Structure formats: C-alpha cells, structure tokens
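Here is what each chain is made of, one letter per residue.
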Amino acid sequence: MSGHKLYVPKGVGALVMRKNHSLPSMIYGGGHQQGFRSGTLNVPGIPGLGEACRWRQLEMEHDESVIATLRNQLQNLLQAAIPNLLVNGDLNNRLSGNLHISIPDIPNSAIIARVRHQLAISTGAACSSGVVAPSHVLQAMNLAENIIEGALRIGIGKFTTRQEIEKTSSLIISVVNKIHSISTVVGFPAL
C-alpha cells in the first residue's frame, strides 16, 4: 500500500507478506530488511503511516459517506448538463472517491488539454500514466472505442469541498460545450 493514499507524504508504504513466503530481492546491497530490500528506511514516514492508518480507521466510515455524496453531486451536475455522459463501472459497488466517466465522441485529451492547469484529472490509473494505449480495463468491459477515448477519471478526497465540486463541474461542462460548438462550426468530429 502507498501511504499517500492515506494522506501521508509520498515516500512510505507497506507490504504485507504471508509468513514463510519468499519474494525475490528488489534492490541488492546492504542486507537491510532481511535481505529483501536494501536502503535507508524512511524513519519519519513509518510512524506517520501507522498514525495515518489509525486515523483512517477512526474516520473512514464518516469520510467515505461524505466523499460519496460529493462524488454523486459531481456526477449529477455533469449528467444534467451533458446528456450523453456515461458513468463507467458498477454504480452500486464503487469507490467513493472515484468518478469514472466517458463523454462519447470527445477525446479525453481534448478535455484534459483545456483543464489541466485548473484540475487534477486523468484518463486512467496513475500507475499507467505515460501509457498511450487505451485502458485494458475499459476494453475488457467491451466498451465502444468512442467511449474509451472519451474516458476520464476524477478523484475526490477527504479534503475536497462542495465549492471545488461545483467549480469542477462548471469547468468540464464549459469545455465540453466549447468543443461541441467548435466541432459544429467547423463540421468535424469533436477535437
């Protein structure tokens, strides 16, 4: 697990292994961590991760409910203004802090290029950033190419406010409307 997912500064994480299960070494040298990974430990990060886990356990139930409400508010605002918007995935069993949408026939790159300095928004998982290929997960869901190309992932967290949700929806709606108006005037598919 990565600590930054629990609001700890980046650079600390944890790996839980079964007893007597061996993994190959990742970094050789010094013999730290019983030979599994050499290197200096992130001394302040380790107790920080422990404390973050404790706080998440105490606050998670309340926080997740609030975050899900914000996600649903953003989803409803976007759906009301963008009639062909699709929500990808299971609407009943999903992470509260993740809104994954598609706007068919508008490439996600066209939206991201117009909002990247105002919003943290992406086309997929952070672990696949820099990968140009379409999402293998969306392909496995048998989504049409124009839906996959229009896919966006929006993250909502513990510190997201209602004002930020409203601003986010306004920015995305404005950009989608501009792209539609450009493509209508020029007579080409949305860019």
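In what follows, the structure referred to is the one given above.
Quick notes on the rules
- Residues numbered from 1 in each chain as written.
- Predicted model: local features only at pLDDT ≥ 70, side-chain atom pairs only at ≥ 80, totals over all residues.
- Heavy atoms only, no water.
- Pairing = 2+ DSSP bridges.
- Helix = DSSP H or I, 4+ residues; strand = E, 2+ residues; numbered from the N terminus.
- Contact = heavy atoms within 4.5 Å.
- Axes fitted to C-alpha atoms, helices over the stretch in contact; angles between N-to-C directions.
- Core = buried A, V, L, I, M, F, W, Y, C linked by side-chain atoms within 4.5 Å.
- Buried < 20%, exposed > 50% of the residue type's maximum accessible area, 1.4 Å probe, protein only.
- Salt bridge = Lys/Arg side-chain N within 4 Å of Asp/Glu carboxyl O.
- Expected span 1.5 Å × (residues − 1).
- Bend = angle between axes of the 7 residues up to and from the residue.
- Patch = residues over 30% accessible without salt bridge, like charges linked within 9 Å, V, L, I, M, F, W, Y side chains within 5 Å.
- Areas by Shrake-Rupley, 256 points an atom, 1.4 Å probe, with all protein chains shown as cover.

Pairing between the strands of a sheet is mediated by backbone hydrogen bonds and can be parallel or antiparallel. In spatial order, the strands read β1-β2-β4-β3; together these 4 strands make up an open sheet with antiparallel pairing. Both edges of this open sheet fall to β1 (86-87) and β3 (121-122), since each of them pairs with a single strand only. Contacts between helix α1 (residues 45-81) and the sheet are confined to β1, β2 (98-102) and β4 (151-155), with β2 contributing the most and set at about 15 degrees to the helix. Across the sheet, helix α2 (residues 108-115) touches β3 and β4, and the angle it forms with β4 is around 40 degrees.

Before going further, it helps to spend a moment on the nonpolar core. It is characteristic of soluble globular proteins that their nonpolar side chains tend to be buried jointly. If you look at the biggest cluster of nonpolar residues, it comprises 27 residues, and the most contacted ones within it are L78, I103, I111 and I172. For this core, the elements supplying multiple residues, two or more each, are α1, β2, α2, β4 and α5 (162-186). At 7 residues, α5 tops the list of elements feeding residues into this core. Setting aside anything within four residues of it in sequence, one finds I103 in contact with I82, N84, L85, I111, N146, G150, L152, I172 and V176. In this structure, V8, V12, L49 and A52 belong to the second largest nonpolar core, which totals 5 residues.

Turning to the environment of P104, a few remarks are in order. You can see P104 is positioned in the loop between β2 and α2. The class for P104 is buried, based on a relative accessible area of 10%. Sequence separation between P104 and A144 is 40 residues; the distance between their C-alpha atoms is 9.0 Å.

We now examine the side chain of S169. Relative to the helices and strands, S169 is located in helix α5. Residue classification places S169 among the buried residues on the basis of a relative accessible area of 4%. S169 has contacts with L74, L77 and L78, leaving out every residue within four places of it along the chain.

Counting across every chain of the model gives 6 salt bridges. In this structure, the salt-bridge partner of E51 is R54, at a minimum N-O distance of 2.7 Å. With a gap of 3 residues between them, E51 and R54 both fall in helix α1, about one helical turn apart. On the basis of relative accessible area, R54 is assigned to the partly exposed category, the value being 40%. The partner of D63 in a salt bridge is R56, with the nearest N and O atoms 2.6 Å apart. As far as burial versus exposure is concerned, D63 and R56 are alike and both buried.

Here α1 is 37 residues long, yet its end C-alpha atoms lie only 43 Å apart, well below the 54 Å a rise of 1.5 Å per residue gives. The largest bend along α1 reaches roughly 60 degrees and is located at E59.

Taken together, the side chains of L15, M17 and L23 define a hydrophobic patch exposed on the protein surface, amounting to about 260 Å² of accessible area. Within the secondary structure, L23 sits in the segment before α1. Residue classification places L23 among the partly exposed positions, given a relative accessible area of 36%.

Below, the discussion takes up the pairing of β2. Both faces of the sheet carry side chains from a regular strand, because those side chains alternate between them. Of all 5 residues in β2, 4 are buried; the element is thus mostly enclosed. Where β1 meets β2, 2 bridges bridge the pair, whose relative direction is antiparallel. Residue L86 lies in a different strand from β2, and its bridge partner there is S102. Where β2 lies against β4, 5 bridges are found, and the strand directions are antiparallel.

Read these as layout, nothing more, since geometry by itself doesn't imply function.
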